[in-house]
2 protein chains.
Amino acid sequence: MIRLSKLTDYAIVVMSEMARHVGTVHTVSHLAERTGVPSPTVAKLMKTLTPAGLTTSHRGAAGGYALSRAADAISIAEIITALDGPIALTACVEGGDSQCGVQRLCPMRGGWEKVNSAIRGALEQVTLADMMGPPAWAEGPPGPLDSIGAGPGPARRAAV
Amino acid sequence: MIRLSKLTDYAIVVMSEMARHVGTVHTVSHLAERTGVPSPTVAKLMKTLTPAGLTTSHRGAAGGYALSRAADAISIAEIITALDGPIALTACVEGGDSQCGVQRLCPMRGGWEKVNSAIRGALEQVTLADMMGPPAWAEGPPGPLDSIGAGPGPARRAAV
DNA sequence: CGATACAGGACTAAATTGGTCCTGATTAAG
DNA sequence: CTTAATCAGGACCAATTTAGTCCTGTATCG
């Protein structure tokens, strides 16, 4: 399986939570409580998402994080790129200039590039809003249902 | 980066080599020599690809492996599926029946399913023949060029 | 009958990733 | 002005996953 990193999975859950209350700042501990993702991990996420321009931060007391844009203006591709790096199946295609010293062995770049752009396109067309669905979770304190699964909530694993 | 496993990368290189000499059986050691992939690893690859129906094996002396079909009838999607499992970004979508106990937290399945099928489609449209390009490598013993890169030859890493 | 080559699994080692913690800078409130 | 809250930015450790090796058995050709 070609895996999507767990961090990315968490990011979508956390950002969905932020999207449900626009115009409010969310502290790390709040987000951790509401999503079930451990707070140090939420903090780490935000420290990646903010420089990437997906979220904005306010420091000091009464500070916190907020989405920098509306949920329907944030694509899944952006989130993945921020956390997992450029969207490409093969590293040797990334830069454009081939650091690949074994070009003789790599006449397949054209094929990969075709695949890569198709995947990129697919991910760019899905927005955070598309992933949210109806607001159906995190209403009130965690209920018993929340402990049935593996834990927090994001999809357990990932593969392309 | 959403990574493609290195094994899959190797598989494409090794299968390309087999495709260049159809109608011949290739022993593990031959394939290892020609591609630069260590032979135990080639052996492991074949032991996965053969049950998956992508290659056929002939035991005994003068035995070896061969592609079960022409290169243009083998899609990249099949190779990935054989080695890395089903092509899907999220595990909770795989089965169809949701073992995902946290459905309240997972209203985003629809979105992922859309992404998954787009990616699957992209990978199914590229065949092994597309990846091969002109036969330009593994002519004669490894030249100096081969040692410039990281090693054997397949693209170094992978991400979606 | 013997040599060759695949079959299948167990096992070890290495790389990546996930997760934690610490120290410092910034800002609002009292 | 002082204090408390909160983000910023690393370094760091642990655990999972993946890559790679080896061993024993079985089939087939010469």
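How each quantity is defined
Residues numbered from 1 in each chain as written. Chains lettered and ligands numbered in written order. Predicted model: local features only at pLDDT ≥ 70, side-chain atom pairs only at ≥ 80, totals over all residues. Heavy atoms only, no water. Near = heavy atom within 4 Å. Polar contact = N/O pair within 3.5 Å; in protein donor to acceptor, adjacent residues only side chain to side chain. Helix = DSSP H or I, 4+ residues; strand = E, 2+ residues; numbered from the N terminus. Nonpolar A, V, L, I, M, F, W, Y, C, P; charged D, E, K, R; others polar. Axes fitted to C-alpha atoms, helices over the stretch in contact; angles between N-to-C directions. Parallel < 35°, antiparallel > 145°, perpendicular 65-115°, else oblique. Left-handed = near helix turned anticlockwise from the far one by under 90°. Contact = heavy atoms within 4.5 Å. Pairing = 2+ DSSP bridges. Patch = residues over 30% accessible without salt bridge, like charges linked within 9 Å, V, L, I, M, F, W, Y side chains within 5 Å. Areas by Shrake-Rupley, 256 points an atom, 1.4 Å probe, with all protein chains shown as cover. Salt bridge = Lys/Arg side-chain N within 4 Å of Asp/Glu carboxyl O. Lys, Arg positive; Asp, Glu negative; His and termini not counted. Charge placed at Lys NZ, Arg CZ, Asp CG, Glu CD. Buried < 20%, exposed > 50% of the residue type's maximum accessible area, 1.4 Å probe, protein only. Arc of directions from axis to C-beta. Core = buried A, V, L, I, M, F, W, Y, C linked by side-chain atoms within 4.5 Å. Domains from an automatic or database assignment.

Looking at an unreviewed UniProt entry, one finds chain A named SUF system Fe-S cluster assembly regulator and attributed to Azospirillum brasilense.

(A) Inspection of the protein's contact with DNA strand C at higher detail. Surrounding DNA strand C, one finds 25 residues, the nearest of these being K6 and K44 of chain A together with R3, S57 and Y65 of chain B. When the atoms of DNA strand C within 4 Å of the protein are sorted by group, sugar and phosphate make up 71%. Y10 of chain A is positioned such that a nitrogen or oxygen atom in its side chain is 3.4 Å from a phosphate oxygen of DNA strand C. Taking G60 of chain B, its main chain carries an N or O atom lying 3.2 Å from a sugar or linking oxygen of DNA strand C. Among the elements of the structure, α1 (6-19) and α3 (39-49) of chain A together with β1 (55-58) and β2 (64-67) of chain B are those that each provide at least two residues to the surface near DNA strand C. When the residues that make up the surface near DNA strand C are grouped by side-chain class, the tally is nine nonpolar, ten polar and six charged.

(B) Layout of the protein's contact with DNA strand D. Looking at DNA strand D, there are 25 residues lining it, with R3, S57 and Y65 of chain A together with K6 and K44 of chain B nearest. At 2.7 Å from a base oxygen of DNA strand D is found a side-chain nitrogen or oxygen belonging to K44 of chain B. The contact in question runs from a base oxygen of DNA strand D to an N or O atom on the side chain of R59 of chain B, over 2.8 Å. Breaking the surface near DNA strand D down by element, the ones donating at least two residues are β1 (55-58) and β2 (64-67) of chain A together with α1 (6-19) and α3 (39-49) of chain B. Tallied by class, the residues present in the surface near DNA strand D amount to nine nonpolar, ten polar and six charged.

(C) Molecular detail of the packing of α1 of chain A against helix α4 (residues 76-84) of chain A. All names here are of chain A. The geometry of α1 relative to α4 is characterised by a closest axis approach of 9 Å and an angle of 130 degrees between their N-to-C directions. Of the possible angle classes, the one that applies to α1 and α4 is oblique. When the axes of α1 and α4 are compared, the crossing they make is right-handed. Across the interface between the two elements, L7, T8, A11, I12 and M15 of α1 pack against I76, I79, I80, L83 and D84 of α4. A breakdown of the residues in the contact of α1 with α4 according to their chemical character gives eight nonpolar, one polar and one charged.

(D) Representation of the pairing of β1 of chain B. Residue and element names in this part refer to chain B. In the sheet, β1 pairs with β2 via four bridges, with the strands oriented antiparallel. Looking across to β2, one finds that S57 is bridged to Y65. Between the end of β1 and the start of β2, which pair antiparallel, lie five residues, with G60 showing a positive phi angle near 85 degrees.

(E) Seen up close, a positive patch on the surface. A surface patch of like charges, here positive, comprises R3 and K6 of chain A together with R3 and K6 of chain B. By the element assignment, R3 of chain B lies in the segment before α1.

(F) Layout of the packing of α1 of chain A against α3 of chain A. Residue and element names in this part refer to chain A. Two elements in contact, α1 and α3, have axes separated by 10 Å at closest approach and are oriented at 85 degrees. As judged from the angle between their axes, α1 and α3 are roughly perpendicular. The segment α1 lies against α3, with L7, Y10, A11, V14, M15 and M18 engaging T41, V42, L45, M46 and L49. Grouping the amino acids of the contact of α1 with α3 by side-chain chemistry returns ten nonpolar, one polar and no charged.

(G) Main features of the side chain of T55 of chain A. Residue and element names in this part refer to chain A. Here T55 lies in strand β1. We classify T55 as buried; its relative accessible area is 3%. Here T50 takes part through its side chain, which lies 3.0 Å from a polar atom of the side chain of T55. Not counting chain neighbours up to four residues away, the residues in contact with T55 comprise M18, M46, L49, T50, A66, L67 and S68.

(H) Representation of the pattern of salt bridges. Tallied over the entire structure, the rule returns six salt bridges over all chains. In this structure, the salt-bridge partner of E78 of chain A is R69 of chain A, at a minimum N-O distance of 3.0 Å. Judged by relative accessible area, E78 of chain A falls into the partly exposed class, the value being 29%. Its salt-bridge partner being E17 of chain B, residue R20 of chain B comes within 3.9 Å of it at the nearest N-O pair. Here the salt bridges share partners, and the residues they tie into one network are E17, R20 and R34 of chain A.

(I) Expanded view of α4 of chain A. Every buried residue of α4 of chain A is accounted for by I76, A77, I79, I80, L83 and D84 of chain A. Seen from one end, α4 of chain A has its buried residues packed into an arc of 160 degrees, which puts them on one side.

(J) Representation of the nonpolar core within the structure. Ranked by size, the top nonpolar core spans 71 residues in total, and within it M15, I76, I79 and L123 of chain A together with M15 and L123 of chain B carry the most contacts. Split by domain, this core shows at least three residues from each of two domains, domain 1 (1-74 + 128-153) and domain 2 (87-126) of chain B. Those residues in contact with I79 of chain A that lie beyond four places of it in its chain are T8, A11, I12, M15, L54, I74 and L128 of chain A.

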